[in-house]
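An overview of the molecular structure
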Amino acid sequence: MRIVLGVGGGIAAYKVASLLRLFTEAGHDVTVIPTEAATRFVGVATWEALSGHPVSNSVFDAVHTVNHVRLGHEAELIVVAPATADLLARAATGQADDLLTNTLLMAGDCPVLMAPAMHTEMWQHPATEANVETLRSRGVTVLEPASGRLTGADSGPGRLPEPEAIFSAAMALAGASVATAGAPAAPSAAPAGAPAAPSAAPAAVRALTGLTVTISAGGTREPLDPVRFLGNRSSGKQGVALAAAALEAGARVRLLAAHMEVPAPAGVEVVQVETALELRKAALHAAADSDVVIMAAAVADFRPADVSGTKIKKRDDVADPVINLVRNPDILRELVEVRDAASRDQLIVGFAAETGDAGGDVLEYARDKLHRKACDLLVVNQVGQDLVFGEDTNSVVILSRDGSEPQEASGSKSDVAAAVIDRISAELSRAVPPA
Ligand code: C5P
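For clarity, every value in this text was computed on a predicted model and none was experimentally measured. (Residues numbered from 1 in each chain as written. Predicted model: local features only at pLDDT ≥ 70, side-chain atom pairs only at ≥ 80, totals over all residues. Heavy atoms only, no water.)

1. A few points about the domain arrangement of the protein
Taken as a whole, the protein is organised into domain 1 (2-182) and domain 2 (203-305 + 320-431). On the side of domain 2, 16 residues touch domain 1, which itself brings 17 residues to the contact. Across the domain 1 to domain 2 interface the summed buried area is about 1200 Å²; carbon plus sulfur atoms make up 65%. Taken together, the connections running from domain 1 to domain 2 amount to zero salt bridges. Here domain 1 and domain 2 share two residue pairs in polar contact (both at pLDDT 80 or more) between them. No other element matches helix 9 (residues 163-173), which puts six residues into the side of domain 1 that touches domain 2. Of the residues that constitute the side of domain 1 that touches domain 2, the class distribution is eleven nonpolar, three polar and three charged. (Domains from an automatic or database assignment. Contact = heavy atoms within 4.5 Å. Buried area = accessible area lost by both parts, 1.4 Å probe. Salt bridge = Lys/Arg side-chain N within 4 Å of Asp/Glu carboxyl O. Polar contact = N/O pair within 3.5 Å; in protein donor to acceptor, adjacent residues only side chain to side chain. Helix = DSSP H or I, 4+ residues; strand = E, 2+ residues; numbered from the N terminus. Nonpolar A, V, L, I, M, F, W, Y, C, P; charged D, E, K, R; others polar.)

2. Some points on the site of the ligand
Around the ligand lies a shell formed by Met295, Ala297, Val299, Asp301, Pro329, Asp330, Ile331, Leu332, Gly350, Phe351, Lys369 and Lys373. Lysine 373 is positioned with one of its side-chain polar atoms (N or O) 3.0 Å from an oxygen atom of the ligand. Here the ligand has 450 Å² of accessible area as a free molecule, and 88% of this is covered by the chains. For the ligand, the cavity whose grid points lie within 2 Å of the majority of its atoms is the second largest pocket. Listing elements by their share of the shell around the ligand, those giving two or more residues are helix 12 (331-341), strand 16 (347-354) and helix 13 (362-373). The class makeup of the residues in the shell around the ligand is seven nonpolar, one polar and four charged. (Near = heavy atom within 4 Å. Areas by Shrake-Rupley, 256 points an atom, 1.4 Å probe, with all protein chains shown as cover. 1 Å grid on protein atoms, 1.4 Å probe; cavity = no way out; pocket = protein on both sides within 12 Å on 5 of 7 lines; lining within 4 Å. Sits in = over half its atoms within 2 Å of the grid points.)

Spelled out as structure tokens, the structure:
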């Protein structure tokens with residue numbers, strides 16, 4: 001695959017040399033276009049040596065090949081890393097003041113992935129947020145940055161996701177795997193001082209490479225008035241752990257984030273939602289191109305029938321208010337119906353938080369729920385006041401619609417997530433026997 005790798009002028013440019021190695025070792029043909037500022041961090045010689053192509057950022061170099069048109073037209077995938085605040089702004093406003101921004105404007109239908117890196121204040125600045133929003137609305141995939149130590153003494157969201165995470169997201173976006181990209185190149189003799197190839201397993205051997213996984217996480221909030229809402233105790237930890245496990249397995253991951261107490265993992269695409277109705281809209285939209293949908297969010301079953309536009313006041317001359325509730329749509333059920341109506345190949349996984357009672361035990365209720373929701377897998381946990389919600393550990397049983405033996409998994413929420421993702425991979429490989 002022909003890849004254009006745009007490199008922005010941030011200190012994280014040095015990590016992009018490892019990303020370039022991942023692309024070339026997977027057999028891809030990469031042209032690097034660093035911005036002027038990027039070459040102050042990593043020189044042109046490094047990009048030329050690692051890519052095997054001449055490198056320039058001027059529209060006036062190689063004019064006879066009409067570079068600024070050709071590169072955008074020929075690219076099958078464009079990856080920009082680090083996408084600095086300045087580069088995001090120039091891309092969002094359609095500027096064409098260097099070869100990279102020209103190439104982005106000439107890209108047509110080519111998938112574009114941007115991996116931002118900058119200081120937290122810049123990432124959270126309304127100008128950057130608006131630029132990211134604009135780019136996403138145009139179909140550009142803008143990854144979430146990682147959180148952690150930044151260049152100075154500061155830390156927070158703004159770190160470049162690891163090269164392996166960007167590589168996986170890029171391959172998934174392009175619908176490619178190493179296997180379809182041509183034979184992996186023989187290990188090349190790296191130029192002196194070149195970064196070592198990352199030791200992570202190549203994406204080709206990862207179970208979800210090339211697949212898009214949508215995961216809902218957290219808990220919805222249903223407004224009563226501008227300051228109050230009906231919510232639930234979900235922390236989002238299990239959904240976030242699932243997103244990290246799916247990313248690790250090589251998938252492109254979309255996180256539909258209702259209220260969460262933990263940050264999204266770096267390298268996933270985040271869609272923020274507040275209410276069940278917003279989640280429904282985002283889930284139906286995301287499911288249209290997803291291979292797997294996991295509904296881990298705690299969705300409010302009911303919402304207030306009336307939402308007051310002003311704060312509800314307590315008054316001595318009027319009776320205390322009564323909240324009338326109406327039922328929210330069952331998103332999981334609807335996703336299954338839409339998938340079945342479209343005969344789409346898609347695995348849908350639900351979660352069920354159950355407390356047994358005098359009428360039945362947890363598994364009885366869960367089997368009944370699996371039957372009603374008709375999803376492929378149901379991950380069941382027993383909840384109570386101190387169980388599961390907000391905790392770091394979990395204990396679940398995975399039920400399958402095909403009636404196979406219930407599978408137990410327990411440990412940290414990451415352990416449980418890994419078990420669920422393994423089970424999903426096993427289900428997918430069973431559904432599509434290898435050629
Ligand atoms: O019916 P219950 O809320 O127990 O079902 C839990 C599962 O259904 C979870 O996967 C949850 O995300 C999903 N759900 C939904 N829409 C609702 C309620 C729950 O998709 N309105």
